[in-house]
Structure formats: structure tokens, C-alpha cells
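Tertiary structure, described
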There are 2 protein chains.
Amino acid sequence: MTPKVFYISDGTAITAEVFGHAVLSQFPLKFDSVTIPFVETIARAEAVKKQINDSFITTGQRPLVFHSIVKSEIRDIIYSSEGLDYDFLNTFVTPLEQQLGVQALPTMHRTHSMLNASYDARIDAINFAMENDDGQTLKHMDKADIILIGVSRCGKTPSSLYLSMQFGIKAANYPFIQEDIDNLKLPDILKRNKHKLFGLTIDPVRLHEIRESRLENSRYASLRQCRLEVKEVEMLFKKERIPYIDTTHQSVEEIATKILDVAGLERHMF
Amino acid sequence: MTPKVFYISDGTAITAEVFGHAVLSQFPLKFDSVTIPFVETIARAEAVKKQINDSFITTGQRPLVFHSIVKSEIRDIIYSSEGLDYDFLNTFVTPLEQQLGVQALPTMHRTHSMLNASYDARIDAINFAMENDDGQTLKHMDKADIILIGVSRCGKTPSSLYLSMQFGIKAANYPFIQEDIDNLKLPDILKRNKHKLFGLTIDPVRLHEIRESRLENSRYASLRQCRLEVKEVEMLFKKERIPYIDTTHQSVEEIATKILDVAGLERHMF
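Definitions and cut-offs
Residues numbered from 1 in each chain as written. Chains lettered and ligands numbered in written order. Predicted model: local features only at pLDDT ≥ 70, side-chain atom pairs only at ≥ 80, totals over all residues. Heavy atoms only, no water. Helix = DSSP H or I, 4+ residues; strand = E, 2+ residues; numbered from the N terminus. Rg over C-alpha atoms; globule rule 2.2 N^0.38 Å. Buried < 20%, exposed > 50% of the residue type's maximum accessible area, 1.4 Å probe, protein only. Contact = heavy atoms within 4.5 Å. Areas by Shrake-Rupley, 256 points an atom, 1.4 Å probe, with all protein chains shown as cover. Disulfide = S-S within 2.5 Å. Pairing = 2+ DSSP bridges. Right-handed = clockwise from strand over helix to strand, strands pointing away. Core = buried A, V, L, I, M, F, W, Y, C linked by side-chain atoms within 4.5 Å. Axes fitted to C-alpha atoms, helices over the stretch in contact; angles between N-to-C directions. Phe/Tyr/Trp six-rings, centres within 6.5 Å; stacked < 30°, edge-to-face > 60°. Lys NZ or Arg CZ within 6 Å of the ring centre and 35° of its normal. Parallel < 35°, antiparallel > 145°, perpendicular 65-115°, else oblique. Nonpolar A, V, L, I, M, F, W, Y, C, P; charged D, E, K, R; others polar.

**A look at the overall build of chain A**
For chain A, the helix and strand inventory stands at 10 helices and 8 strands. Computed over C-alpha atoms, the radius of gyration of chain A comes to 24 Å, more than 25% over the 18 Å expected from 2.2 N^0.38 for 270 residues, which places it beyond the range of a compact globule. Along the three orthogonal principal directions, the C-alpha set of chain A runs to about 70 × 45 × 30 Å. The burial tally for chain A puts 54% of its 270 residues in the buried class. Taking contacts inside chain A between residues at least 6 apart in sequence as the whole, the part at least 24 apart equals 70%. With the model as given, the accessible surface of chain A reaches about 12,000 Å², and the carbon-plus-sulfur share is 50%.

**Re the state of the cysteines**
Where two cysteines share a covalent bond between their sulfur atoms, that bond is called a disulfide. All names here are of chain B. Enumeration over the complete set of coordinates arrives at 0 disulfides over all chains. Free cysteine cysteine 154: the closest other cysteine sulfur is in cysteine 226, separated by 11 Å. With a relative accessible area of 2%, cysteine 154 lands in the buried category.

**Here we look at the pairing of strand 6 (residues 171-176) of chain B**
Residue and element names in this part refer to chain B. With 6 of 6 residues buried, strand 6 is to be regarded as a mostly interior element. Of the two faces of strand 6, the one lined by Ala171, Asn173 and Pro175 and the one lined by Ala172, Tyr174 and Phe176 are each fully buried. Two elements, strand 5 (residues 146-151) and strand 6, share 6 bridges in a ladder whose sense is parallel. Residue pairing for strand 6: glycine 150 is matched across the bridge by proline 175. At this point the chain moves from strand 5, through helix 6 (residues 156-167), to the parallel strand 6, and the crossover so formed is right-handed.

**As for the nonpolar core**
Ile149 and Leu163 of chain A together with Ile149 and Leu163 of chain B are the most contacted members of the largest nonpolar core, which totals 95 residues. Among the elements that take part in this core, helix 5 (residues 117-131) of chain A stands out by supplying 6 residues, more than any other. Excluding residues within four positions of it along the chain, leucine 163 of chain A makes contact with Ile146, Leu148, Gly168, Ile169, Ala171, Ala256, Ile259 and Leu260 of chain A. Among the nonpolar cores identified, the runner-up in size contains 40 residues, and Leu100 of chain A together with Val5, Ala16 and Leu100 of chain B belong to it.

**Points about the sheet that holds strand 7 (residues 197-201) of chain B**
Residue and element names in this part refer to chain B. Here we have 4 strands laid out as an open sheet, ordered 6-5-7-8, and parallel in their pairing. Edge positions in the open sheet fall to strand 6 and strand 8 (244-246), since each of these has one partner strand only. Averaged over all pairs of adjacent strands, the angle between their axes in this sheet comes to 25 degrees, without regard to strand direction. Bridge count for strand 5 against strand 7 is 3 bridges, and the pairing is parallel. When the bridges of strand 7 are listed, isoleucine 147 appears paired with leucine 197. Sitting on the sheet, helix 9 (residues 223-240) touches strand 5, strand 6, strand 7 and strand 8, and the angle it makes with strand 5 is about 145 degrees.

**With respect to the packing of aromatic side chains**
Within this structure, the stated rule accounts for 21 aromatic pairs over all chains. The interplanar angle of 35 degrees and the centroid separation of 5.1 Å between the aromatic rings of phenylalanine 237 of chain B and tyrosine 244 of chain B together place this pair among those described as tilted. For phenylalanine 237 of chain B, a relative accessible area of 1% puts it in the buried group. The class for tyrosine 244 of chain B is partly exposed, based on a relative accessible area of 28%. Taken together through their ring pairs, the aromatic side chains of Tyr7, Phe19, Phe66, Tyr86, Phe88 and Phe92 of chain A together with Tyr7, Phe19, Phe66, Tyr86, Phe88 and Phe92 of chain B make up a single cluster. Lysine 4 of chain A extends its terminal NZ or CZ atom over the ring of phenylalanine 6 of chain A, reaching a point 5.7 Å from the ring centre.

**Here we look at the packing of helix 6 (residues 156-167) of chain A against helix 10 (residues 252-263) of chain A**
All names here are of chain A. Relative to each other, helix 6 and helix 10 sit at 75 degrees, their axes nearing to 9 Å. Judged by the inter-axis angle, helix 6 sits roughly perpendicular to helix 10. For the pair formed by helix 6 and helix 10, the contact residues are Pro158, Ser159, Tyr162, Leu163 and Phe167 on the first element and Val252, Glu253, Ile255, Ala256, Thr257, Ile259 and Leu260 on the second. Classifying every residue of the contact of helix 6 with helix 10 by side-chain character gives 9 nonpolar, 2 polar and 1 charged.

**Points about the sheet that holds strand 3 (residues 64-68) of chain A**
All names here are of chain A. Taken in spatial order, the 4 strands line up as 2-1-3-4 in an open sheet, and their pairing is parallel. The sheet terminates laterally at strand 2 (32-36) and strand 4 (84-87), the two strands that pair on one side only. Sheet twist, expressed as the average angle between the axes of neighbouring strands with direction ignored, equals 20 degrees. Helix-sheet contacts for helix 1 (residues 14-24) involve strand 1 (4-9), strand 2, strand 3 and strand 4, and the interaxial angle to strand 3 is about 135 degrees.

Okay, structure coming up:
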């Protein structure tokens, strides 16, 4: 039977999800999961407890409960349910209190704070990525932290957005288009920012699939065109000694963190 | 002295960061942190161990080491350093193995997988949010999961992007502009999708600050104009019974998860 999993928090529950998902992804099983954020009142906590207990009654199995609940009166109610608690916050807070010689202050808990200057920097980075996507303008390239370049649909846009959202990096991106391929060179504005350039490439067969789902039976999506573009662009990366990675088998998270790692850019946290 | 913190992983280290950041944000201290992803070889693990030990020698304090390392031969090297290990993966994997009656398969660990159909859905959602940002087109509103509406610079764009990136939700957004304010009404295409509408509002003083940093001393940024727009738009939300939230003191994570919670939309995980 598919185990039932609850992700519960008095906040967004994003941390509880990331934590539980990372732990459960080690098991070769499917899970039936439900996320319950903002459990901030006794009434809502009691309702969640009932939901956990009902699951136990219906399935005969104790559900797994991953939680990051800061308020102790809420946590105690969840603890008193029939669920099996995996409480990563408190598991680590107590040893850390001893190690640091400082008491934790749960009320100040705010994983994603917006009450600081770095938050504005994050929003600025997101706006920058939006405004400098897909080569729609080249006039802010001097202000970019990094400029992703590659063929159309190789992963530049999601990677730029993730870099800005997760890490506060000002990422622009520039596509090499079909018309440029026969005589491929870097525009002057990119040459001037050559130390910021980072190339993305992709397996031509995968590119062909992605493009087909957007523009079926077009020259743009043809395998022949995809092969040509990828070959020419990779030659340019090598000739110009631009670092690049292959996005074919990588998630947005992996692409973004590898870019930062190779480019030596600092990750910011929010 | 500011405690030194290492976030280490043989993957992206995003999980290690989220986990450590959530735990440490409970403490009223500043931390000096460094993230080291992709520790995939013995050589790199030994170099990281040296870095941890050097920090101990320099500061006289054992650094805190948060890690989510799947490969045991890599983990053993980090364990043998002078750092204090906070290993959330293994702390929970062993009790879960007993509970589930199934052995963990660390080699299959892949928190952010792209080898599945849901990953394409995520990229589609990101592209959708990009293409339907800021009312640039209204022709895909019928395909949206949710449509965020509000005045310019109240948080629509970052929220739409986060909804798509983190949860795979197709979020469009539509701004009420200065010119519409005197005779505020919903365009027909939005009326038809009224069940998808979700309002964002913001404190006019904060809005004024944000707009000033973009267009100083403009009518658009004036406190008077901000007050007028927010008032009119909130009246529309009430009249049309559109659910809405105030973004003033909330992070993108909080705004996005509250929208899903209120709208009853399912969160997808990647």
C-alpha cells in the first residue's frame, strides 16, 4: 500500500516539503502526500490531527508526518496524533543550543524574510532576469552578473529565472537564432562582457523534441536544424573559450548551481 | 565570534542550505556560511575536509557542517573532519527504513529529477508565466490555473514566477494601470475567468517607496497616486468578491503558498 505522508508547518511548509522529499526520495516507493501550510491556530491544528487520525483509521497504517512547526502549542497537538513524527527542526535545535551556548528563539523564526535589504536585491534580480530575457534588450548587459548564451530552447530562461529567484543573481540571457548560425559570432556588447558569458548546450535529439512540441514540422524544429545549430554553437564556445554545460539530463536546480560553481559566483540566501 | 557554517552536498546543496538555514534561523546569531556543492570525488571531499579543519585551526571553534551527502565514501571523509556534523538525511533514513520495512537506495537519490513528465509540466508552467506576465497578452487566460491581479509593483511578477517554478502552477498576471483607475472594471476575458482571479494589494507607503526607486518624482510613484490606486483596486476586489492578500510584509514564498492555500490549488513537487 502507498504510504500516506503529511507535510505540516505553521509557515509556508516549503521547508517541510524540501526536507521530507529529500529523505523520501531515498526510498524506491511511491508516496501519497498532502501538504498543510499555515497551521497557526489550535483549531486548525486539531483539524489536522483529526485528518492524520482518520488516515490511520482508514488505511490501518500510521501516516508519516514531516513537520517544521515553530510554535510549541501547535507542535504538541500534532505530536499527540497517530502519525509518525519526523521533526527535523527540534531534532537539531537542541544539540545546536548546547553547541552554540545560545537558546533558540522560535518566535523569531522566519526562513524567508523580506524585512531586509537583501530581499530588495532579490526582487531586483528577478526583475532583471525578466527584462533581460531572450536578448529582448542588450542595453543592461554591463549590469549583469552572468549572461547565459545558447540556442533557442536549450534552458536559458528557466535557468536565468532560477538564478535570480533562488540565489539573487542578475542573470541575462541571449539566444543564437537560426539566421545567425551560418556566420556565428558574438555581438560587440557580449564581447565586452566576455568574462560573464556562460554557454548552455543540449543534445540535438532532445532539442528537436522540445521544439516539435512548440512548432511542429517546422524547419526550426527539424532534427537537421537542431544538429546544425548545436554543432555551430559548441564550436563557438570552444573557439572563444566560453565555459559551458550540457543541460540535457539536468534539472533547473542542477544547471543553476553548476553555473555558479563553475563561474565562481556567490550564492545568496533568502 | 561569528560561527562558521559549511553546507555540503554531493548534489546541488540546495537541500542542505534550506535545511541548515531553517534550523539556524531559530538562533539570534549571525553566521558566516559557505556552500560547497557537487562534492562527488574523494579528492574534492579531502579538499573540503582540509577547508573545515583549517577553519577550526584558524578560529579555534569547530565549524558547523550541515550536509546531505548520499555517497557513503564521501560522507565518511566529511565525518572524519573536525567539523560538527548535522546530517539530516541519515538521521531520518534509518528510522524510516525500519518503519517502511524497505531499505533506502541512496544511489537512486535525485531530489530534483528531470526524467519525468512532470518536469516538462514545470518548464511549461515557467514559460506560461513568462509569456503571460504583466497583461502583455490576454489570449491564454483560459489556460491559466490562476490569474493574479493588482496595481503595478505590488508583487504580481515574482509571485507568478515562483508559483510556476516551485509548484508547476500556470500563473498569469494582469496589472490595473493608472489610466484605468478612474473607471475600474474587469476586462471581459477576466470576467469569463473570474473563478481564477486572485488579488494582490500592498500598503500605499511601501508601494510609493518601490515605485520611487524605479521612476523617481513621477506622478506614477507619488504617494497620492499610490493611495488612490490601492483604494480603488481594493474596492473592486470587495465589490467583485475576488479573494486577495496584502503582500506588504510577506516574502514571495509566503505570498505564493497563501495564494495556493486560499485558492485550493494543488502543489506539485519537483
